[in-house]
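# Reading the structure
Each chain, written out:
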Amino acid sequence: MFGIVRPCRHRLGEGLKTQWMAHLCGLCLALRRDHGQFARIVTNYDGLLVSVLTEAQAERSDGWRRTAGPCPLRGMRSASVAQGEGARLAAAVSLVLAAAKVRDHVADGDGLLARRPVALAARRVATSWGRAGARGGSAVGFDTAVLVDAVDRQIGIETLAGPGTPLLTVTEPTETATAAAFAHTAILAGRPGNAQPLAEAGRLFGRLAHLLDAVEDRETDAASGAWNPLTATGISLVEARRLADDAVHGIRLALRDAEFTDAKLAHVLLVHELRTSVDRAFGTASCGHAHAPEQHGPELYGPPPGNPYAPSGPGVTPPPPQPPHRSRRGLLAGCLVWSGLACTCQMCCGSYEDPWTREPKEGLCQRCDCDSCCEGCDCCSNCCDGCCCDGCGCDCSC
């Protein structure tokens, strides 16, 4: 699962979390239905934004949801999932861009792709995905050629880029691709007047995605010798952060110029969660749920150093000792347990014990990276037009 918009369930609240999962599952099932089981591997967090935007603009109807059967990724539970042209467009865009990413990794000879047989197989997969994406886009009136052209131009631009090259020259192809996808959601929803502001939001989102990917990969790329736009152009992290902040602000302004039927989820994802994504990439925020002691100090959370069960005064009865540590599983037993967890996908969306250490853990879908249940919403500076975080106890109507 990849993407820069990775919302935390604590910030979303139950209502928006349910909607978000409906679009995520809808994208996954659209990929399976239209392009085969293997295509589900390209399901990503950013692709579902296309589905979210389409539904946010459309008039409410009974055709936007369907009940899907039990799925291992949902802990074998059924659920209401998004369907329709928004999900199909998201699937097509995800396939084309995933195909481009595979081709890019093959060209760079990353990891196993440096081996010729693996690279050959990867090229075939990329070609298949590209064709499938083109068919899917055509079915909803979207010409994926703009995406393919953007990818092809990206390779040429990166080849010529060097110190002094404007960073926005490097990000332009990504901006163009995402602008086209965002704008087409207005056509699918029957709101052509939204095409221009959503194209602007998409352009800035593409810039942000490119920037944050470069920031997060900067050290890894330097160690491996891979091409990185920040290193190649000589742009500092300070300048990259300025561009990222400007992009987030621009997206917020662009969304204000569009008309929505229900903008709540789109607003939370593209305004509040994007701000969190920027903070996460630049290391200026961390998870309050998982790392409270580091953020608030040991004097507020957790026992003082030393034995936590030692009596602290006369007449004080120490609490009962912790349960004994459960023994580790052996290599073979742990592998068998891991296989079972992987098959049922509990490691994605459930609670489970570590296959070897037996420590309790939460699945990827349950983890958070937030400071509070709605840390991005301070009425009325961060909310607009009555759209605010679900579960936020404020009445924002600015």
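Calculation criteria
- Residues numbered from 1 in each chain as written.
- Predicted model: local features only at pLDDT ≥ 70, side-chain atom pairs only at ≥ 80, totals over all residues.
- Heavy atoms only, no water.
- Helix = DSSP H or I, 4+ residues; strand = E, 2+ residues; numbered from the N terminus.
- Contact = heavy atoms within 4.5 Å.
- Areas by Shrake-Rupley, 256 points an atom, 1.4 Å probe, with all protein chains shown as cover.
- Core = buried A, V, L, I, M, F, W, Y, C linked by side-chain atoms within 4.5 Å.
- Buried < 20%, exposed > 50% of the residue type's maximum accessible area, 1.4 Å probe, protein only.
- Axes fitted to C-alpha atoms, helices over the stretch in contact; angles between N-to-C directions.
- Parallel < 35°, antiparallel > 145°, perpendicular 65-115°, else oblique.
- Left-handed = near helix turned anticlockwise from the far one by under 90°.
- Salt bridge = Lys/Arg side-chain N within 4 Å of Asp/Glu carboxyl O.
- Nonpolar A, V, L, I, M, F, W, Y, C, P; charged D, E, K, R; others polar.
- Phe/Tyr/Trp six-rings, centres within 6.5 Å; stacked < 30°, edge-to-face > 60°.
- pLDDT = per-residue confidence, 0-100.
- Expected span 1.5 Å × (residues − 1).
- Bend = angle between axes of the 7 residues up to and from the residue.

## Quick notes on the overall build of the protein
In terms of regular secondary structure, the protein is built from 13 helices and four strands. For the protein, contacts bridging at least 24 residues in sequence account for 66% of all contacts bridging at least 6. Approximately 20000 Å² of the protein is accessible, and the part contributed by carbon and sulfur atoms is 57%.

## Description of the nonpolar core
Grouped together as the largest cluster of nonpolar side chains are 80 residues, with contacts concentrated most on Trp20, Phe205, Leu270 and Leu274. Element by element, the count of residues in this core is highest for helix H3 (residues 85-108), at eleven residues. Residues in contact with Leu270, not counting those within four places in the same chain, are Leu49, Leu53, Phe182, Phe205, Ile251 and Leu255.

## Things to note about the packing of helix H7 (residues 195-224) against helix H10 (residues 264-281)
One way to put it is that H7 packs onto H10 with a least axis distance of 10 Å and a crossing angle of 25 degrees. On the basis of the axis angle, H7 is roughly parallel to H10. Where H7 crosses over H10, the two elements pack in a sense that is left-handed. Counting all contacts with H7, which are made through Phe205, Leu208, Leu212, Val215 and Glu216, the residues of H10 involved are Leu270, Leu274, Ser277, Val278 and Ala281.

## Overview of the pattern of salt bridges
If you walk through the whole model with that rule in mind, you get 16 salt bridges. A salt bridge links Glu172 to Arg153, with the nearest nitrogen and oxygen atoms 2.6 Å apart. Highlighted residues: Glu172 in helix H6 (residues 167-188) and Arg153 in helix H5 (residues 145-160), separated in sequence by 19 residues. Among the residues examined, Glu172 registers a relative accessible area of 26% and is labelled partly exposed. For Glu200, the salt bridge identified is with Arg203, shortest N-O distance 2.6 Å. Residue Glu200 and its partner Arg203 are located together in helix H7, separated by three residues, close to a single helical turn.

## Here we look at the packing of helix H1 (residues 9-35) against H10
At a minimum axis separation of 11 Å, H1 and H10 run at an interaxial angle of 105 degrees. By the angle between their axes, H1 is roughly perpendicular relative to H10. Residue-level inspection shows Arg11, Leu12, Leu16, Gln19, Trp20 and His23 of H1 in contact with H10, the latter providing Lys264, Leu265, Val268, Leu269, Glu273 and Thr276. Along the lines of polarity and charge, the residues of the contact of H1 with H10 split into six nonpolar, three polar and three charged.

## Focus: the packing of aromatic side chains
Any aromatic ring pair is given by two values, namely how distant the centres are and how the planes are angled relative to each other. On inspection of all chains with the given rule, the structure shows three aromatic pairs. Judged by centre distance (5.8 Å) and plane angle (25 degrees), the rings of Phe38 and Trp129 are stacked. Taken as a pair, Phe38 in the loop between H1 and helix H2 (48-57) and Trp129 in helix H4 (residues 116-139) lie far apart in primary sequence, 91 residues in all. By relative accessible area, Trp129 is classed as buried at 10%.

## Some remarks on the confidence of the model for the protein
Of the residues in the protein, 71% have a pLDDT of 70 or more, and the chain-wide mean is 78. When pLDDT is averaged over each element of the protein, helix H9 (residues 237-256) comes out on top at 96 and helix H11 (residues 292-296) at the bottom at 35. Counted against residues more than four places away or in other chains, residues 369-398, with its pLDDT under 50, gives 78 contacts.

## A short note on H10
Because each turn of an α-helix spans 3.6 residues, side chains separated by three or four positions in sequence point in the same direction. Compared with an ideal rise of 1.5 Å per residue, which puts 18 residues at 26 Å, H10 spans 24 Å between its outermost C-alpha atoms and is within 8% of the ideal. At Glu273, H10 shows its largest bend, some 35 degrees. With 15 of 18 residues buried, H10 lies mostly within the body of the structure. Where H10 terminates, the next one or two residues include Gly283, which has phi positive at roughly 70 degrees.

## A few points about the environment of Thr54
Mapped onto the secondary structure, Thr54 falls in helix H2. Considering only alpha carbons, one finds Thr54 and Arg191, 137 residues apart in sequence, at a separation of 9.6 Å. Excluding residues that lie within four positions of it along the chain, Thr54 makes contacts with Trp64, Gly86, Thr185, Leu188 and Ala189.

## So, H2
Along H2, ten of the ten residues are buried, which leaves the element largely enclosed by surrounding structure. Listing the buried residues of H2 in full gives Leu48, Leu49, Val50, Ser51, Val52, Leu53, Thr54, Glu55, Ala56 and Gln57.

## Quick notes on the side chain of Thr144
Examined against the element boundaries, Thr144 turns out to sit in the loop between H4 and H5. Using a relative accessible area of 6% as the deciding quantity, one classes Thr144 as buried.

## Concerning the environment of Ile41
Looking at the secondary structure, you find Ile41 in the loop between H1 and H2. For Ile41, a relative accessible area of 53% puts it in the exposed group. Between the alpha carbons of Ile41 and Ala98 there is a distance of 9.5 Å; along the sequence they are 57 residues apart.

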